[in-house]
Amino acid sequence: MSDIIEFTKEGAVGVLTINNPPANALSFAVCKALGQIIPDCMADDDIAGLVITGAGRMFMAGADIREFNLTRPDDVPDFHDVLRAMEEAPKPIVAAINGVALGGGLELAMGCHYRLIAAGAQVGQPEIKLGFIPGAGGTQRLPRLAGVEAALEMIVGGDPVSAERAVELGIADELVDGDLLARAAEFAAEKAASGEAPPATGKRNEKIAGIDAAVFEAYREKIAGRSRGLEAPFEAVKCIEAATNLPLQEGLALERDIFAVLRDSDKAKAMRYMFFAEREVAKIPDIPRDTETKDIKSAAIIGSGTMGGGIAMCFANAGLPVTLIDVSEEALAAGIGKVRANYAGTVSRGRLGQDAMDTRLGLISGATDYADIADADIVIEAVFEDMELKKKIFTELDKTCKPSAILASNTSTLDVNEIGAVTGRPDKVCGTHFFSPANVMKLLENVRTDAASKETIATVMKLSKTLGKVGVLVGVCNGFVGNRILGVAARITDFMVEEGALPWQVDQAIYDFGFAMGPFAVNDLAGIDIRHMTRAEQRRLWPDRRDPVLVDKVYELGRYGQKTNAGWYDYEPGARRGTPSQLIEDLIVETSGELGLQRRQFSDQEIVDGYVLSMANTGAQILEEGLALRASDIDVIWHYGYGFPRYRGGPMFHADLVGLDKVYDAVSRLYDTYG
Ligand code: 3HC
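Criteria and thresholds
Residues numbered from 1 in each chain as written. Predicted model: local features only at pLDDT ≥ 70, side-chain atom pairs only at ≥ 80, totals over all residues. Heavy atoms only, no water. Helix = DSSP H or I, 4+ residues; strand = E, 2+ residues; numbered from the N terminus. Contact = heavy atoms within 4.5 Å. Areas by Shrake-Rupley, 256 points an atom, 1.4 Å probe, with all protein chains shown as cover. Buried < 20%, exposed > 50% of the residue type's maximum accessible area, 1.4 Å probe, protein only. Pairing = 2+ DSSP bridges. Right-handed = clockwise from strand over helix to strand, strands pointing away. Patch = residues over 30% accessible without salt bridge, like charges linked within 9 Å, V, L, I, M, F, W, Y side chains within 5 Å. Salt bridge = Lys/Arg side-chain N within 4 Å of Asp/Glu carboxyl O. Lys, Arg positive; Asp, Glu negative; His and termini not counted. Charge placed at Lys NZ, Arg CZ, Asp CG, Glu CD. Axes fitted to C-alpha atoms, helices over the stretch in contact; angles between N-to-C directions. Disulfide = S-S within 2.5 Å. Near = heavy atom within 4 Å. Polar contact = N/O pair within 3.5 Å; in protein donor to acceptor, adjacent residues only side chain to side chain. Parallel < 35°, antiparallel > 145°, perpendicular 65-115°, else oblique. Left-handed = near helix turned anticlockwise from the far one by under 90°. Nonpolar A, V, L, I, M, F, W, Y, C, P; charged D, E, K, R; others polar.

Draft legend 1. Looking closely at the overall build of the protein chain. Secondary structure summary: the protein chain contains 27 helices and 20 strands in total. C-alpha extents for the protein chain along the principal axes are approximately 85 × 60 × 45 Å. Put simply, 73% of the contacts in the protein chain that link residues at least 6 apart link residues at least 24 apart. As presented, the protein chain carries roughly 28,900 Å² of accessible surface, and 52% of it is formed by carbon and sulfur atoms.

See the structure below:
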């Protein structure tokens, strides 16, 4: 038979164990082996029935995503035909779902006549997260087993369901808490002995009969907002609807055609790329996976402001005790009060239980004396961006904290090498740059200083995961990777506004590209005063560079953004969405005049190119300087830290799609105009 599928026997029942590590993905080889072994088993008089299961911790994580760009070799059967042969097989075939069965994995299980599932396993159709729809019958068979409502949720939402829920929904026939394989073999033998014809999922129509088309219309409306820019969710709804009003084979054909178009689309390519990109970030060439790491069992945060409080919540959420340090009891009380209010908001929205809130708050303590954090395994400094203050804090921490403690800075701009140099343990100093709001944003830029040891870096990379973050390793430079790129891109859009565009036109173009907000709206949210501060540092670094002047004028008007109800936009008190400001428009036109610029029209394409391709150019520069490990790390940073739309793959991937010649032309134009 074959190595990739092991054949064994339990009495008269054949057991096929898919053994294709790490995820038992449905590769061409697995598909070919299944296509051969199943008919052989059916023809074998000594085999009464079959059990299909997976080796290791997964049943099957779906089709092999690495093979999506390849053409199926001639000797590999169409997976649809394999499933059809299984459904029509005369002997019972039982899926023993030992771990996750996702995508093609669930489709394989649904092609079986029965499904037994181990407690702790999960099933799902996550294809939507890769930019396409199930392509091997998922949209046709899942509604037949689970009903239309659950199929819509699972296929359009993409999240898996637990074993218990799978049984409740009718996806699985039995939950097995003990020896899954033994029970599945027994089950197959019972069914074989019963003489009843094995039931084909594709012929089970009771849950899809008489469904009103209005159900689908309502669902389309429900998902419209969150599916902005995507086709796959609506195509999935179309296919599930087809399951209710077309014969199985026609439904399958429709699904297959749509799947092929979506799978080959740029958006799906981008999402596939992101799937691997976010797994690559954990791989650091000179720090092998088995590098020793320190156990982080407790933490301390210096500064109980918005950032410090948010970081403390990350630790508490992960079940780790954390001490917040501030200069006075009043400051501490205010900081911890904000944390409490933040949790209470989540509880009132029904997203956290009161018990969980109490447990988490119980893990957060406050102190004003560094002696109280002498035993912390990691200390993260999160005070405002002042080098002298930070140096003072690190000198103090170095004296007080135990020698093995890691000392990290949450700085978003300052030189962490310089900070580490004031300590006697520069090998244990690094940056951990959280993004605001720290308890929500998934990105963590871990800054590797010249002196940081491999153990320190491996520890903070592992810690990122523990905190539920995507940790990306970056080098020391002004703004690190994310903010350095943002600084350049925002400078370009500032220039565009001085030359003829308006902030709301720029924001609309960037929103239509897929970002949640454009740069001017983001600026209002983050604070124009904060931007003003970082610009001072940039001017110090690049004194000869031409700089846009408008942002300073807006700052001088005291319009700091949402916090002052006025920035680039006007805001009703407390509102998060602004309206275009006539005052700002007048200021812009006046400024263009002062600068001697003849205002001109900007197309949306020109705006997007200026913003996104300048990002890619800075990204290339960052790679050249060795401050990011790979282009895809930059894309992960931009997705998780700044909301670069996943279906665009990040600035570097986007630039690759646009093509080097076009990017070169666009960037050259920017260079000629803005330096
Ligand atoms: N194809 C190829 N490789 C896969 C894979 C897949 N479907 N699923 C996981 N892997 C690989 C990962 O890249 C990783 O490789 P690495 O060790 O070399 O980096 C390894 O398996 C382990 O994966 P994770 O690190 O992600 O392990 P976790 O335990 O954190 O997560 C998982 C496991 C939940 C299965 C997660 O890997 C996952 O979500 N996988 C993708 C599932 C998916 O999207 N399936 C649908 C595929 S498309 C399809 O089936 C089309 C069909 O309808 C025809």
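Draft legend 2. Geometry of the pairing of strand E14 (residues 378-381). Here E14 shows a buried face lined by Ile378 and Ile380 and a second buried face lined by Val379 and Glu381. Where strand E11 (residues 299-302) and E14 come together, 4 bridges link them in parallel fashion. Considered in E14, the bridge of Ile301 is made with Ile380. Here 4 bridges tie E14 to strand E15 (residues 406-409), and the two strands are oriented parallel to one another. In the sheet register, Glu381 faces E15, and the bridge partner there is Ser409. Read from E14 through helix H15 (residues 387-400) to E15, the crossover connection turns out right-handed.

Draft legend 3. Examining a negative patch on the surface more closely. Among the surface-exposed residues, Asp40, Asp44, Asp45 and Asp46 lie close enough to one another that they form a single negatively charged patch. Overall, the relative accessible area of 76% leaves Asp45 in the exposed class.

Draft legend 4. Highlighting the sheet that holds strand E1 (residues 5-10). The 6 strands lie next to each other as E1-E2-E3-E5-E7-E10, forming an open sheet whose pairing is mixed. One side of each edge strand has no neighbouring strand; the edge strands of this open sheet are E1 and strand E10 (174-176). Between one strand axis and the next, the sheet turns through 25 degrees on average, direction left out of account. Pairing geometry for strand E2 (residues 13-18) and strand E3 (residues 49-54), over 6 bridges, is parallel. Note that in E3 the partner of Gly14 across the bridge is Leu50.

Draft legend 5. Just the state of the cysteines, in detail. Counted under the stated rule, the structure contains 0 disulfides. Cysteine Cys31 is unpaired, with the sulfur of Cys112 as its nearest cysteine sulfur at 14 Å. Take Cys314: it sits in no disulfide, and the sulfur closest to it among the cysteines is that of Cys430, at 15 Å. Its relative accessible area of 3% is what places Cys314 among the buried residues.

Draft legend 6. Representation of helix H19 (residues 503-513) in the model. Those residues of H19 that sit buried are Pro503, Trp504, Val506, Asp507, Ala509, Ile510 and Phe513. Remark: Gly514 follows H19 within two positions and exhibits a positive phi of approximately 130 degrees.

Draft legend 7. The arrangement of the site of the ligand in detail. As a structural note, the neighbourhood of the ligand is formed by 26 residues, with Ala61, Ala63, Glu107, Glu127 and Arg279 the closest of them. Measuring from a nitrogen atom of the ligand, one finds a backbone N or O atom of Ala61 at 2.8 Å. Of all the elements in the fold, those that place two or more residues in the shell around the ligand are helix H3 (104-111) and helix H11 (266-280). Per element, the largest residue contribution to the shell around the ligand is 3 residues, and it comes from H11.

Draft legend 8. Representation of the packing of helix H12 (residues 306-317) against helix H13 (residues 329-348) within the structure. Packing of H12 against H13 brings their axes to within 9 Å, and their N-to-C directions diverge by 55 degrees. If you check the angle between H12 and H13, you find them oblique. Where H12 crosses over H13, the two elements pack in a sense that is right-handed. Two secondary-structure elements touch here, H12 through Thr306, Gly309, Met313, Ala316 and Asn317 and H13 through Lys338, Val339, Asn342 and Tyr343. Taken together, the residues that form the contact of H12 with H13 break down as 4 nonpolar, 4 polar and 1 charged.

Draft legend 9. Summary view of the sheet that holds strand E13 (residues 364-367). Reading across from one edge, E13-E12-E11-E14-E15-E16-E17-E18 is the order of the 8 strands in this open sheet, with mixed pairing throughout. With partners counted over all chains shown, the strands left at the sheet margins are E13 and strand E18 (470-475), one partner each. Strand-to-strand twist of the sheet, defined as the mean angle between neighbouring strand axes without regard to direction, takes the value 25 degrees. Relative to E18, strand E17 (residues 443-448) runs parallel, the two sharing 6 bridges. When the sheet's bridge partners are listed, Asn446 is paired in E18 with Leu473. Against the sheet, helix H17 (residues 454-466) touches E14, E15, strand E16 (429-434), E17 and E18, its axis set at about 180 degrees to E17. Sheet strands touched by helix H25 (residues 631-642): E17 and E18. Its angle to E18, the strand with the most contacts, is close to 125 degrees.

Draft legend 10. Geometry of the side chain of Glu498. Here Glu498 is to be found in helix H18 (residues 482-499). Buried Glu498, no salt bridge; nearest opposite-charge side chain is Arg546, N-O distance 4.7 Å. Glu498 has contacts with Pro548, Val549, Leu550, Ser592, Leu595, Leu597 and Arg599, leaving out every residue within four places of it along the chain.

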